[in-house]
Amino acid sequence: MVDRPKALCSQCSLEERPQVKDEVNGSLILFVGIAPGYTEERKGRPFVGKSGRLLRETLRFVGIRLSQVSFANLVHCFPQDWESKARDPSENEIKACENWLVDTIRRVNPKWLVPLGRIPTEWCLGRKVSITRVAGVPVNHNIYGDNYTIFPLPHPAYITRNVKLLQGYRTSFQRLADVVYEKDLKALYQVKEYIEYPNNKVFFDIECNHTNPFANDWKLLCYTVGNANREVLAHPNRDVLEDKGLTKIGHNIKFDIHGLRKAGVRVRGKLEDVMLAHYLATGMVEGKTHSHSLKAIAREYGVPVEQVKEIDVKHTSDVPREERLDYNRNDVALTALLYEKIPHNSFVYKMLSDSLPMLVDMEWRGMHLDQNRVQTLFKEGQQKLEALLTQLRKEVGSLWGEWVFNPNSSPQVVKVLTKLGVKLPTTKKGNPTTRGDILKGIDHPLARLLLEWRGVSKLTSTYLAPYLGKARLHTTYNLHTTDTGRLSSTNPNLQNVPIESTIRRMFIAPEGYTFVSIDYSQIEPRVWGALSGEKELLNVPDIYVFMHQKTFGRPPTKRQRDMIKIVVLGTMYGMGSQARAEALGITEAEATQFLGELKRAFPRGFEWIHNQLSFAKKHQRVNIEYTERWRDLSREPKDRLRRLAVNTPIQSIASDITLKSATSIYMARIPGVRLANLIHDEISLYIKTELLSKAIPELQEIMRETPGDIIPVLRGKLKVDVEIGPSWGELSPYSV
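Residues numbered from 1 in each chain as written. Predicted model: local features only at pLDDT ≥ 70, side-chain atom pairs only at ≥ 80, totals over all residues. Heavy atoms only, no water.

Undergrad: I tried to follow the pairing of strand β1 (residues 29–33) on my own but got confused; where do I start?
TA: Note on strand geometry: in a regular strand, side chains alternate between the two faces of the sheet. When you tally the buried positions in β1, you get five out of five residues, the bulk of the element. Side chains of β1 alternate between two faces, with Ile29, Phe31 and Gly33 and Leu30 and Val32 buried alike. Of the pairings in the sheet, the one linking β1 to strand β3 (residues 112–115) comprises four bridges and is parallel in character. Residue Ile29 lies in a different strand from β3, and its bridge partner there is Trp112. (Buried < 20%, exposed > 50% of the residue type's maximum accessible area, 1.4 Å probe, protein only. Helix = DSSP H or I, 4+ residues; strand = E, 2+ residues; numbered from the N terminus. Pairing = 2+ DSSP bridges.)

Pasting the structure below:
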């Protein structure tokens, strides 16, 4: 580091402040910032505060060695306003430090001069600029008689205030690294007639004409096979994909496997998915600060993808063959490149990867439907809707004459209710709302009819109309879309089918099979007991009965048991004191006293909850013990942070136990057993009727032992309930 000439300070209003010297390390790149901040002033070094840490972390991320770069600022003292807050330096302050900055530039003689932000860029280029327009564009410019290559970039302080821009920021720095180290940005892949597969890993991708692989008009257009070296086969060989000894790696791999299977290619062997690896690496955040699309991940990790032309899947068929094939090969190369960059060795990633073949098989087979029952229920629903509409219009007619009323029109419903004198609450935008809970509080036949109409209409449109003419329903199971890591189901959502038996009776076992449901009894409070050390909760038949008896010294009534359940589960889900009192039907003071009695009886359990909340508030994240998952909470509001801090580890582990048990069942290949569906802690299966008595004990044993693979203390501890019947809606407890 070099001291600056003292003579310049007499011209500056910052003369009395401590000086922050430039940091001279290497001559490859010189970064020029605006001014030091509070942390830099205290430590006497540039770029060591929050913005500086982001800058240095980004440099390491893109592979620029810190020993090859130097750091300077336009001014060398911390500029503050009258409220002692940081401000931009004035022109006079910049002029006072200018000779010193020129001297530093000449001493370093950088190959690349990188101004950070608008003000340093304007100084380097000698003109007014928009940083968003010039960022990332190298320019040769003369600074006081010497020529330099200038590469403007945004200032890291702007990114710390706009976290959503982090991906683009990293991309800009990756472009700098590629230019500085003269990397070739054009060739993401090489085409060869024959390739090897290092570590027995194959990367592949498909192009098709539809987002739903089970659509009738679906068509495979092309597919590409490659390796970790980004070499792709000129003519893809199906034998490679069907080789069980090779691990197959893709992005959203289940979709591609279904597409290939429809085209007659059976993908076999272990499976891995870059999308899942990224979901876990970014703290299980979906669709907020992180997208898990291939191009978005590539940009986040600084992989240049600007030259890869985007293709809309709806119009893929219209794209010329060579262009489509180039796009497909680029996707395979990107997948291989990102696989090496994203962590993929955690326990949970391996567990999720192991579950992929099982989920693929369940999606492909689908759930069987009784079409006669679907059609009967649909007709009954339509008839009921017609009758309700007649009644609704009659009620409205008594108010407004011959007006043709549409119960699906919110404005019309608002007008009618207003006519009745109902004062409706409004949304944040000021619009009146007619939510179900509002209608329930209105004592008028019209409100009751509207509620009934909405219920029947939802059942008909969501669970009957889409199922018409389908012998099976093929859902998509998602491992990367929930806050807590739970498995979800979409297109259609088979985890959200009403418990009401009429709808579930449509889901039947195939001929010769029995529908079987196996679930873990009270799994979430038992996981809570395992995590907190309340081991007594693991062995009891009914946790809520046991907790009441230990707390109050007597067996509970049904209401008392329900009160314990409300408090325990409510605490896990972040229930506040007022909501707790309302749910219990007592005063807040009584509810607080009730909770206090439980805390005294089970101190470890509630101390664990307290520790989870404290850690989450301090670190803005929640770590999930045993599975190596973690959840980013840095952008969550306080109420959600409180809920997620406690609920995430409990719900995540409970879901992982069920998923791992289903995977173990699938891998056990028990004769006559087929997995049908997964719902949180419940596994649905089809079992050959004559093999029930043999298969069910094997299944129960697997489900009792598997939880120990995640939390050792749970091995053999969880209670497993079994129900059987001809359909999902006609189940009864199984007994030998």
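Structure's up, so let's keep going.
Undergrad: Would you mind showing me how to read unusual backbone geometry here?
TA: The general pattern is negative phi for most residues beyond glycine and trans for most peptide bonds. A cis amide bond links Asn491 with the next residue in sequence, Pro492, at an omega value of -5°. Take Pro492: it is sitting in the loop between β15 (488–490) and α18 (501–504). Backbone geometry at Arg669 places phi at a positive 50°, although glycine is not the residue there. By secondary structure assignment, the location of Arg669 is in the loop between α25 (638–668) and β19 (673–679). A relative accessible area of 54% means that Arg669 is categorised as exposed.

Undergrad: Is there a simple way to think about the sheet that holds strand β21 (residues 720–725) in this case?
TA: Reading across from one edge, β19-β20-β16-β21-β22 is the order of the five strands in this open sheet, with antiparallel pairing throughout. Single-partner strands in this sheet number two, and they are β19 and β22 (732–733). Where strand β16 (residues 513–520) and β21 come together, six bridges link them in antiparallel fashion. Of the residues in β21, the one forming a bridge with Val516 is Ile724.

Undergrad: In this structure, what is going on with the pattern of salt bridges? I would like to understand it.
TA: Note on pairing: side chains with opposite charge can pair once their charged atoms come close. Enumeration over the complete set of coordinates arrives at 31 salt bridges. Glu597 is the salt-bridge partner of Arg600, the closest N and O atoms lying 3.1 Å from each other. A residue pair is termed a helical-turn pair when its members lie 3 or 4 positions apart in one helix, as Arg600 and Glu597 do in helix α23 (residues 588–601) at three residues. Relative accessible area serves as the criterion here: at 27%, Glu597 is assigned to the partly exposed category. Here Arg715 ties to Asp709 by a salt bridge, and the two come within 3.0 Å at their closest N and O atoms. Arg715 gets classed as partly exposed once you look at its relative accessible area, which sits at 37%. (Salt bridge = Lys/Arg side-chain N within 4 Å of Asp/Glu carboxyl O.)

Undergrad: It is not clear to me how the environment of Ser489 should be interpreted in this structure. Could you clarify?
TA: For Ser489, the position within the fold is in strand β15. For the pair Ser489 and Ile679, spaced 190 residues apart in sequence, the C-alpha to C-alpha distance is 8.7 Å. Once residues lying within four places of it in the same chain are set aside, the contact partners of Ser489 are Thr475, Thr476, Tyr477, Asn478, Leu494 and Gln495. A distance of 2.6 Å separates the side chain of Ser489 from the side chain of Thr475, its partner in a polar contact. (Contact = heavy atoms within 4.5 Å. Polar contact = N/O pair within 3.5 Å; in protein donor to acceptor, adjacent residues only side chain to side chain.)

Undergrad: What should I look at first to understand the packing of helix α10 (residues 274–281) against helix α13 (residues 347–365) in this one?
TA: How two helices pack is summed up by the angle between their axes together with the distance between the axes. Relative to each other, α10 and α13 sit at 150°, their axes nearing to 10 Å. Taken together, the axis directions place α10 and α13 in an arrangement best described as roughly antiparallel. Seen from above, α10 lies across α13 with right-handed handedness. Where α10 approaches α13, its residues Leu276, Ala277 and Leu280 are matched on the opposing element by Val348, Tyr349, Leu352 and Leu356. Classifying every residue of the contact of α10 with α13 by side-chain character gives seven nonpolar, no polar and no charged. (Axes fitted to C-alpha atoms, helices over the stretch in contact; angles between N-to-C directions. Parallel < 35°, antiparallel > 145°, perpendicular 65-115°, else oblique. Left-handed = near helix turned anticlockwise from the far one by under 90°. Nonpolar A, V, L, I, M, F, W, Y, C, P; charged D, E, K, R; others polar.)

Undergrad: Could you clarify how one ought to interpret the state of the cysteines in this entry?
TA: Any covalent bond linking the sulfur atoms of two cysteines counts as a disulfide. Under the counting rule described, the total for this entry stands at zero disulfides. Unpaired in this structure, Cys124 has its nearest cysteine sulfur neighbour in Cys97, at a distance of 14 Å. Note on Cys208: no disulfide assigned, nearest cysteine sulfur contributed by Cys222 at a separation of 9.4 Å. (Disulfide = S-S within 2.5 Å.)

Undergrad: What should I look at first to understand the side chain of Asp273 in this one?
TA: Residue position: Asp273 is located in strand β11 (residues 271–273). Among buried charged residues, Asp273 stands out as having no salt bridge; its nearest opposite-charge side chain is Lys254, 7.3 Å away. Side-chain polar atoms of Asp273 contact the backbone nitrogen of Asn252, separated by 3.0 Å. A distance of 2.9 Å separates a polar atom in the side chain of Asp273 from the backbone nitrogen of Ile253. Those residues in contact with Asp273 that sit more than four places away from it in its chain are Gly250, His251, Asn252, Ile253, Tyr349 and Leu356. (Lys, Arg positive; Asp, Glu negative; His and termini not counted.)

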